[in-house]
Amino acid sequence: MSVRGITVSLYKEVTQAQADRGLTRVTSYLNQDYRKLKAACLSKRTLFEDPYFDAGPKSLGYSQLGPGSSTTRDIVWLRPKDICMGVMPEFINWSSSRMDICQGELGNCWFLAAGASLTLYPKLLARVVPQHQNFHTDYAGIFHFQFWQYGEWVDVVVDDRLPIRDYRLVFVRSTTNQEFWPSLLEKAYAKLNGSYEALNGGLMGEAFVDFTGGISEHIDLKSSPYNLLELIKKAARNHFLMGTFIENRKVGDSELVRPDGLVIGHAYSVTGVQEIMSYRRSIKLLRLRNPWGQMEWRGRWSERSKEWDMLDPAVKAQLNVNMEDGEFWMDFVDFLEHFDVLEICSLTPDSLDDGNPGKWTMSCHQGSWKPGFSAGGNTSYRDTFFSNPQATVALSEEDDDPDDEEVGCSLLISLMQKHRRQQREFGQNNVAIGLTVFKKLDSFPMRQHVSSQKTCVARSVFTFSRSVVIRMKLPPGEYIIIPSTHSPNQEAEFTLRIFTEKQESLWELDGQIKADNIWTFKTNITINDKFKSHFMATAGQAISVRMVQETLNGLLQSQPELKTNGFSLEACGKMVQLLDFNKNHKLEVDEFAQLWERITQWWKIFTKYDMDHSGTLDGFEMRYALASAGFHLNTQLSEVINRKYMDANYMIDFDSFVSCLVQLVGIFRKLKSLDKNDTGTLNMSYDEWLKVAIIT
């Protein structure tokens, strides 16, 4: 008979230390402990030389800056004390301003613009650039910097050997010749991303997030919210980082200087906002900075424009309008007309609210898309989309904010693909990623109905950027969040952060598995007389494991349309174990009859989901087939199952399919035995689950 199935909700046991890890704990990158390395150098009276990012061609790059490239031919590596030629170098002047950083020969204006924004806020700067580093006391040629990476802070150490050509720094430099923190910060970031060349091209939001661990949101200025200026003021007031750029719409226009002085495809820091009175009229100004340290806006309110002549000299002096330094003021109306995108990185999810800080709850998940298992593509791929990883959130209470006209439960989701910049050297650039949110239906399993467009409540654009963010308000209820690549079978890792203002519950990505029913031995069955006579004539009273193997393999040989290598002795042993009611390590006629009945049912399922009639199942077909057989598995378990039973061509034949189902029956039967109160549900930690899965 069949008994009621079992649903298992998996949870991760998280200690308080682990919960606080992303906010407070710092991990040593590549296990290089700054204090220990510095102490060792001081005791040996040597200067640190980094074995993981040496002063050589591989650290520069892999293509345009690769070994043997003409662009790197004259580069040498020197320490600041040798660059300054007798003058004592300085690490950082803590009165640093946004003017300190100037771009070098790399196309990393996005990084420099973010760095300039960082200098506006000393506390943020001190987090990324730890204090008490210098070239004076206890100098050992080693420095360290801290970046947020996919859920945790990492501490990156570097030696102070820098790329030089003709005694000038090749890459980022400070406007003060003796100051070196910008150059060393860039070197640490290059190490984190694989090379200097890996920093070519990017969006400010990527660096904003790595500097703060915040959430970077993109605002399209051509369809901006009505209260955009207020949002910018709040962002400036709350010390959020901001940047902007003009989109590059034509091939060859990148970093083209327009007649008005603005540069296409170039990142600018937004460093201030000011409202002034001119002829009794309120003027809203934004302050922007070009990381080149030159090339400024030439329109209204530029440094030499006539508009400044109308102001009180004291106001003009306060706004510091006096030099060609890359920084300029711009009328907000002109800003909206000429720029395309504004990026705002908030330090907390309630970034652009005036609400209480810390009112949001955050859950961080690490996951991956694997071809054939969990990389199902977007919703247009209806046959595979369901296989993407999933998270479920229950929103139970509406927000409290009485001033907010929009009623509902706030939800902010950030999806970030991991390590793609480091993999550029191997030809692996960003893939297009996106988010889809569905209203959860009452029926189970979720995977088969989520692709229904009727239940879709929100979706992001698909973007090749490192991250995508969506913010929404939804009615109370349960929702399914599905991160995906745009096309199926694209492999990548990701970090998913889910923020809710009033979170009732949230299930981990793929935190549930279920069997619809558990196959058990039937004590009273009707057996066909012909079947019974044939069994008795060939096997006698009972059939051994080896005879089960021979019998089943003989039956498979009579079905040439199925590709098979035959049942293994181990698999047949598990079949006997499941149905050995008399515990004699053999199957009697009623037991074997039930085995054959179940195999026949699985045969029909196998042929139904062998959609290409290959005689085998691929990874996606396998998940459909397992669901049809009553087993609804998470991505992690599906991947383990597929890897175990797939052949060298990543296909699953019929005997492997049956062997897999036999193992699943054993696992879920064991789980059912743990449900002492017969509730049909179990809550287990991942460790408890693994013990059951491995032992069975």
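We now turn to the structure provided with this report. (Residues numbered from 1 in each chain as written. Predicted model: local features only at pLDDT ≥ 70, side-chain atom pairs only at ≥ 80, totals over all residues. Heavy atoms only, no water.)

Topic: the overall build of the protein
At step 1: A tally of regular secondary structure across the protein gives 19 helices and 29 strands.
At step 2: For the protein, the proportion of contacts with a sequence separation of at least 24, taken over those separated by at least 6, is 76%. (Helix = DSSP H or I, 4+ residues; strand = E, 2+ residues; numbered from the N terminus. Contact = heavy atoms within 4.5 Å.)

Points about the packing of helix H17 (residues 635–645) against helix H18 (residues 654–674)
At step 1: As a packed pair, H17 and H18 sit with axes 10 Å apart at the nearest point and diverge in direction by 135°. Between H17 and H18, the crossing angle belongs to the class labelled oblique. Seen from above, H17 lies across H18 with right-handed handedness. Residues Ile641, Lys644 and Tyr645 of H17 form the contact with H18, whose participating residues are Ser656, Ser659, Cys660, Gln663 and Leu664.
At step 2: Classifying every residue of the contact of H17 with H18 gives 4 nonpolar, 3 polar and 1 charged. (Axes fitted to C-alpha atoms, helices over the stretch in contact; angles between N-to-C directions. Parallel < 35°, antiparallel > 145°, perpendicular 65-115°, else oblique. Left-handed = near helix turned anticlockwise from the far one by under 90°. Nonpolar A, V, L, I, M, F, W, Y, C, P; charged D, E, K, R; others polar.)

Topic: the sheet that holds strand E5 (residues 142–149)
At step 1: A sheet is described by the order of its strands in space; here 3 strands give the open sequence E2-E6-E5, paired in mixed fashion. Looking along the sheet, the strands with just one partner apiece sit at the ends: strand E2 (26–28) and E5. Each strand axis lies, on average, 35° off the axis of its neighbour in the sheet, ignoring direction.
At step 2: Where E5 and strand E6 (residues 152–159) come together, 8 bridges link them in antiparallel fashion. Of the residues in E6, the one forming a bridge with Ile142 is Asp159. (Pairing = 2+ DSSP bridges.)

Observations regarding the pairing of strand E14 (residues 327–331)
At step 1: The buried fraction of E14 amounts to 5 of the 5 residues, a majority that puts the element mostly inside the structure.
At step 2: Of the two faces of E14, the one lined by Glu327, Trp329 and Asp331 and the one lined by Phe328 and Met330 are each fully buried.
At step 3: Examined bridge by bridge, strand E13 (residues 281–289) and E14 share 5 bridges and lie antiparallel to one another. Bridge assignment links Arg287 to a residue of E14, and that residue is Trp329. (Buried < 20%, exposed > 50% of the residue type's maximum accessible area, 1.4 Å probe, protein only.)

Regarding the sheet that holds E13
At step 1: In space, the 6 strands of this open sheet follow the order E10-E15-E11-E12-E13-E14, with antiparallel pairing throughout. At either margin of the open sheet sits one strand with a lone partner, and together these are strand E10 (215–220) and E14. The mean inter-strand angle of the sheet, taken between neighbouring strand axes irrespective of direction, is 35°.
At step 2: Note: E10 against strand E15 (residues 341–346), 6 bridges, orientation antiparallel. Bridge pairing in E15 links Ile215 to Ser346.
At step 3: Against the sheet, helix H9 (residues 228–237) contacts E10, strand E11 (241–245), strand E12 (267–278), E13 and E15, and its axis sits at roughly 110° relative to E12.

What to know about the packing of helix H5 (residues 109–118) against helix H8 (residues 204–212)
At step 1: Closest axis-to-axis distance for the H5/H8 pair is 8 Å, and the angle between their directions is 45°. When the interaxial angle is binned, H5 and H8 end up oblique. By crossing handedness, the relation of H5 to H8 is classed as right-handed. Note on element contacts: H8 touches H5 through Met204, Glu206, Ala207, Phe208 and Phe211, opposite Trp110, Phe111, Ala113, Ala114, Gly115, Ser117 and Leu118.

Any functional reading would require information beyond the geometric quantities listed.
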